[in-house]
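# Understanding the architecture of this molecule
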Amino acid sequence: MRFTPFDLVQWQSRYEPTVDYTLADSSCRPVELRDFLDETQVARLVAGAQHYPEVRGTPELRRLVAGWQGCRPEEVVVTVGAAEANSILAGALIGPGDHVVLMEPGYRQVWGLAHNAGAKISVVGLDERNGWRLDVAALESAVRPDTRVIAVTNPNNPAGSVLTAQEMAAVVAVAERNGTWLMVDEVHRGTELDTDEVTTTFWGHYDRLVCVGSLSKAFALPGLRVGWIVATGDLLDELCRRHEYATVSTGLLAMRIAEAALTTPYRDRLLDRNRRLMREGRQLLLRWAEAHPDLVSIVAPTATALGLLRYRAEATSLEVAHALRRRGGVLVAPGAHFGADGHLRVIHSLEPGYVSAALDRVASVLTEGVETGDPPTR
Ligand SMILES: Cc1ncc(COP(=O)(O)O)c(C=O)c1O
């Protein structure tokens, strides 16, 4: 079986060091610890001995994650980012020949893990003409009695859309009807742009359900590498065993900082800071797109630090992204890495001057034009 690499992450690590500007990331402008920790917190951090932490995460962090997810602390396993969470989850739930249903455009970690496990994959498209809404009828016809897993990302990366209550209910109903596992990636919860209400979690809506979360997006702490899984029963036990193999545990220092990030008043300060930056960032991106209707169009995202631009050039998203990197010195994420060719994903919530300068370069290259077959295909 051919190994499927994680193209998006490979793209970022390969080209980020080579450009002047990178809009390929997906976390709101990362926060500096000194901007949210006070002296009491810092004193607490430097005082602790660096022993091996509890495998499932510190009790305090699991209590705080439980508060964020609306679950019980015993149901939480802290992982090295959502990346580890998705990885051990896919290992536990998806095997050779299993049928997996995924939504696209989508963050293709579970997609790639499912390919590498030898699973059979059906993709349900989100409808761009309908504001990237889920096509519930398409989901219903994709899921079969033997479907092992439905994987959902809510809010969605890269489209920045959020499922409605009706869509969530439809996803749960179709899973329930077939006894299918629901793997829900809620890493972008807390990045809502039109409301201060955090997106409703799927947790508690169904028995065969697992949720994944992280501090990388709404809390702008991607460097901490702190994520989690919420699960119950035998699956929870198996995930702990897999976590012991993969990493033993998340770093103690990272977990201590995560505890602070999820504690009032730090938690609210972080969420407020990031909401402000993301709302300003979205405004900037939408204005830029409006000023260049001949080059791009966009469905306004309702969550995340991201925008998914449809470009007008007659070239693949890899060709366009390579041209932007080579001729413009700007790294964007090609839509092909999300199952959305014809699009480019950009982050809008970095320093506004930086984003504007990078978008100006994007406009210049797109105005000059991109030739089909110009740059390499990978
Ligand atoms: C939907 C989704 N899931 C998982 C991840 C991985 O997150 P983490 O930084 O917590 O490993 C990302 C990061 O971009 C993401 O967008």
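These remarks concern the structure in this document.

Scoring rules and cut-offs
Residues numbered from 1 in each chain as written. Predicted model: local features only at pLDDT ≥ 70, side-chain atom pairs only at ≥ 80, totals over all residues. Heavy atoms only, no water. Buried < 20%, exposed > 50% of the residue type's maximum accessible area, 1.4 Å probe, protein only. Helix = DSSP H or I, 4+ residues; strand = E, 2+ residues; numbered from the N terminus. Pairing = 2+ DSSP bridges. Right-handed = clockwise from strand over helix to strand, strands pointing away. 1 Å grid on protein atoms, 1.4 Å probe; cavity = no way out; pocket = protein on both sides within 12 Å on 5 of 7 lines; lining within 4 Å. Points joined across faces, edges and corners; volume = space filled by probe spheres on them. Nonpolar A, V, L, I, M, F, W, Y, C, P; charged D, E, K, R; others polar. Domains from an automatic or database assignment.

### Describing the pairing of strand β7 (residues 181-185)
Among the five residues that make up β7, five are buried, leaving the element largely enclosed by the rest of the structure. Burial along β7 is two-sided: the face carrying W181, M183 and D185 and the face carrying L182 and V184 are both buried. Bridge count between strand β6 (residues 147-153) and β7: five bridges; the pairing is parallel. Counterpart to V152 in the pairing with β7 is V184. Crossover handedness for the path β6 to helix α7 (residues 165-178) to β7: right-handed. Taken together, the four bridges between β7 and strand β8 (residues 209-214) define a ladder with parallel strand orientation. Considered in β8, the bridge of M183 is made with V210.

### Observations regarding the sheet that holds strand β10 (residues 296-298)
Whether parallel or antiparallel, the strands of a sheet pair through hydrogen bonds between backbone atoms. Pairing in this open sheet of four strands is antiparallel, and the strands run β10-β11-β14-β13 from one edge to the other. The open sheet has two edge strands, β10 and β13 (333-334), and neither has a second partner. Summarising the sheet, β10 and strand β11 (residues 306-311) pair through three bridges and their orientation is antiparallel. Bridged to S297 within β11 is R310.

### Points about the layout of surface pockets
The space that makes up the largest pocket amounts to roughly 510 Å³. Contributing elements (two or more residues each) for the lining of the largest pocket: α1 (7-15), α4 (81-93) and β14 (343-347). Among the elements that make up the lining of the largest pocket, the one with the highest residue count is α4 (six residues). Looking at side-chain class alone, the lining of the largest pocket contains eleven nonpolar, twelve polar and six charged residues. Summarising the domain contributions, the lining of the largest pocket has at least three residues from each of domain 1 (7-32 + 268-368) and domain 2 (39-266).

### Notes on empty space enclosed by the protein
In this structure the tally under the stated criterion is four cavities of 30 Å³ or more. Approximately 170 Å³ is the volume attributed to the largest cavity. If you go around the largest cavity, you meet 18 residues; those closest to its centre are L102, Y107, A151, V152 and T153. Of all elements in the fold, only α4, β3 (99-104), α5 (109-116), β6 and β7 reach the threshold of two or more residues within the lining of the largest cavity. Among the residues making up the lining of the largest cavity, the classes are represented as eleven nonpolar, four polar and three charged.

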